[in-house]
Amino acid sequence: MKIAVEGCCHGELDKIYETVQYLEQVNNIKVDLLLICGDFQAIRNKEDMKSMAVPPKYQKLNTFYKYYSGEKEAPLLTIFIGGNHEASNFLQELPYGGWVAKNIYYMGYASVIQVGGIRIGGLSGIYKARDYNRGHYEYPPYTDDTKRSVYHVRNVEVFRLEQLTRPMDIFMSHDWPANIAQYGDMERLFRAKPFLREEVLDGSLGSPPAERLLHKLQPSYWFSAHLHVKFAAWIQHSNKNTTKFLSLDKCLPRKQFLQVLDIPHHQEEPLRIKLDAEWLCVLKSTNHLLNLTRSTVYMPGPGSSERYNFEVTDQDIDELYKDFGNDLTLPENFEHTAPTIDQQRSAVTEQHVRVNPQTSLLCSMLDVTDPNAVILGQSFCGSSASSINNPDEVDIEDDTEEENLTEAPSYINSSLDASCTDTSLSMSDSFTSFDQDGDSLKSGTFSSSTPTHTRVADDDEELVSILAAQRRISGKLEFSEAVSPAWKTSSSGVETSTTKDSDLTSSITQEHRTKHDECANGMCGAELKPDESIMDIGCSSQESKDLLEPQNTSNTEESQGSQSNNEETEEQKGDCSGPEDLDDSLQKRKTSSENVSGSGGKKLKRRNESFYSVSATENEDS
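Keep in mind it's a predicted model, so treat the numbers as computed, not measured.

Draft legend 1. Molecular detail of the pairing of strand β8 (residues 170–173). The alternating pattern of β8 places I170 and M172 on one face and F171 and S173 on the opposite face, and all of these are buried. Bridge count for strand β7 (residues 118–123) against β8 is four bridges, and the pairing is parallel. Each residue of the ladder has a partner; that of G121, found in β8, is F171. Two strands pair when backbone bridges link them, and β8 and strand β9 (residues 221–224) are joined in this way by three bridges, in the parallel orientation. Of the residues in β9, the one forming a bridge with I170 is Y221.

The following block contains the structure:
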């Protein structure tokens, strides 16, 4: 099965689909699945733009509304996670995932699904220490504060993902796992994004929860976006399992925003979405941990009087299959829950909480809580109403931390009774087989602006480059005795010198080296064997025929490109955590978050403003 992976979408669905179709024609292939790593921007109408954490003058419809209304249909199955540029009022209708348009599926706050037997996991949002241990208390209409906190990762989703024990093929997160840069070519990253150097070297770049999941789940592939740069890394875990990490750019001319992989799948399995039995069992058994308040609640762990191990048994899975009629195929039950752009022109609409029938169906099947139904009072039992806080209420924990919400915008225990969920939904539409049209792609038409310099090749060159970069830093990372000999020997068998290590590695702190050594123990104990199934596609949008040039044609071009790349990312400083373990106190995290303000704030603001500026984008592409 050929899978296309996209970085940040930013609502440019038309251009992405056109590029995929062009690649199919030129390379005589058929792409079966498209994965998008966040910043999808599922904007159905103009009212949805008010829930995005961007200034009004940068709110744009782009092209998703055409797929929501039915004017267009996605030419291939598309699966995405949420980022920090989203129409959150729509995505909050689907906390456990669901269709946002025909053939386009959102994975919810976190979930695991299967397509053709390939297991795909995802975690939406970005990490923010202040909100990590809070509940999902936000609901529309949002304040300036809640429209940002709504997309911050919460501990309950990470805790649920940590209960998984069965092999994972693909995992997606919007922001990078912390310390992932240490497993790739950092020098090449710094040439493209010089302003990331300090954060990479002090360990503050990326998400600590995602790092934990990386080493716990050990998926074969991990895809991210957020930083608007293509970056590859290769991780060999202590048990010799390997993970290939790839972050991709956003959809713009001359950006590396798309990659195609050929991953073997079960030939007897249809290329349709199936829910994952292990994940559903975890959702059901941890429903009591759902927190819908702003208060801080920690997940149970060793030493707690509360159960903390929710690993799923084969018996649990057998029972769940019986509940679903032995068929976990996802029904194609998309329906509109808000006016289309044409309907909105003739009616006044405003943001409010909606219960989505897809969520109601899944909650009824699993007997779990629908947060939106709770907010609307449809799932209350007894005193459960106290589970909802006013988003405007001041939390005493915020007294020691202030955020400037006027700056340019940023790019998870109340035990609810599961038996209170709304069961009024007709169960005639259950998870059984649904008729489906053929999944062949539309032939499409290709305008004169079709990209002229697309490249399809295996990943041998890229992974060899990663290995070479890892060797260069080996002398400073203090690997174990068992690993060092193989690590310090080049592919030709000649021992590499560690006396010429670059200034880059010498500036890594001892604390960070120790932490990295724990994560990387056993790394590269075996010879790297590139996977020839990956096809590297450095694609650009359909509007850029005259602007396209071959990638990496000279060091001068790469240097020039890096200057414009500095102005693309959002709230990297505020939403990337330090290297502390997740068990550290919140105060440490707050201190770390506060340290990123100050002298760097003006530079960050300029980058944010430039990112949203049309003229800046035009200058970058010229």
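Following the structure, the description resumes.
Draft legend 2. Local environment of the side chain of Q358. If you trace the backbone, Q358 turns up in helix α12 (residues 357–366). Judged by its relative accessible area of 7%, Q358 falls in the buried class. Among residues more than four places away in sequence, those in contact with Q358 are L94, G98, W99, N333 and F334.

Draft legend 3. Structural context of the pattern of salt bridges. By the definition in use, this model includes 21 salt bridges. Two residues, R119 and D276, come together in a salt bridge whose shortest N-O distance is 2.7 Å. Here the residue R119 occupies a position in strand β7, and D276 occupies one in the loop between β13 (273–275) and α9 (277–285), the gap between them amounting to 157 residues. Using a relative accessible area of 6% as the deciding quantity, one classes R119 as buried. You can call D276 buried: its relative accessible area is 2%. Between K284 and D323 there is a salt bridge, with the nearest N and O atoms lying 3.6 Å from each other. Taken together, the residues span a long stretch of sequence, with K284 in helix α9 and D323 in helix α10 (residues 314–323) at a distance of 39 residues. Judged by relative accessible area, D323 falls into the partly exposed class, the value being 45%.

Draft legend 4. Spotlight on the environment of S204. Its location among the elements puts S204 in the loop between α7 (197–201) and α8 (208–217). The class for S204 is buried, based on a relative accessible area of 15%. A C-alpha to C-alpha distance of 7.3 Å links S204 and A178, two positions 26 residues apart in sequence.

Draft legend 5. Focus on the nonpolar core. Membership of the largest hydrophobic core comes to 88 residues, with the highest contact counts inside it found for I79, I120, I170, M172 and L280. A per-element tally of this core places α9 first, with six residues. Once residues lying within four places of it in the same chain are set aside, the contact partners of M172 are L35, I36, C37, I79, I81, M107, I120, G121, G122, L123 and F223.

Draft legend 6. Expanded view of the sheet that holds β7. An order of β10-β11-β9-β8-β7-β6-β13 is seen for the seven strands of this open sheet, with the pairing classed as mixed. The open sheet terminates on both sides in strands that have one partner only, identified here as β10 (231–236) and β13. Geometrically, the sheet is characterised by an average inter-axis angle of 25° between neighbouring strands, direction not taken into account. When strand β6 (residues 110–115) meets β7, the two strands line up antiparallel, connected through six bridges. Paired with S111 across the strands is G122, a residue of β7. In the packing of α8 onto the sheet, contacts are made with β7, β8, β9, β10 and β11 (242–247), and the angle to β9 comes to roughly 160°.

Draft legend 7. Geometry of α12. Counted residue by residue, α12 has nine buried out of 10 residues, so it is predominantly covered. Within α12 the residues assigned to the buried category are Q358, T359, S360, L361, L362, C363, S364, M365 and L366. Residues of α12 that are buried in the fold lie against β4 (98–101), β13, α9 and α10. A distance of 2.9 Å separates the backbone nitrogen of Q358 from a side-chain oxygen at the start of α12, and that oxygen is part of N356.

Draft legend 8. Here's a closer look at the packing of α9 against α10. Interaxial distance between α9 and α10 falls to 9 Å at its minimum, and their mutual angle equals 90°. When the axis of α9 is compared with that of α10, the two are roughly perpendicular. Here α9 contributes A277, E278, L280, C281 and K284 to the contact with α10, which in turn contributes D316, I317, L320, Y321 and D323. Each residue belonging to the contact of α9 with α10 can be placed in one class, and the counts come to six nonpolar, no polar and four charged.

Cut-offs applied
- Residues numbered from 1 in each chain as written.
- Predicted model: local features only at pLDDT ≥ 70, side-chain atom pairs only at ≥ 80, totals over all residues.
- Heavy atoms only, no water.
- Buried < 20%, exposed > 50% of the residue type's maximum accessible area, 1.4 Å probe, protein only.
- Helix = DSSP H or I, 4+ residues; strand = E, 2+ residues; numbered from the N terminus.
- Pairing = 2+ DSSP bridges.
- Contact = heavy atoms within 4.5 Å.
- Salt bridge = Lys/Arg side-chain N within 4 Å of Asp/Glu carboxyl O.
- Core = buried A, V, L, I, M, F, W, Y, C linked by side-chain atoms within 4.5 Å.
- Axes fitted to C-alpha atoms, helices over the stretch in contact; angles between N-to-C directions.
- Polar contact = N/O pair within 3.5 Å; in protein donor to acceptor, adjacent residues only side chain to side chain.
- Parallel < 35°, antiparallel > 145°, perpendicular 65-115°, else oblique.
- Nonpolar A, V, L, I, M, F, W, Y, C, P; charged D, E, K, R; others polar.

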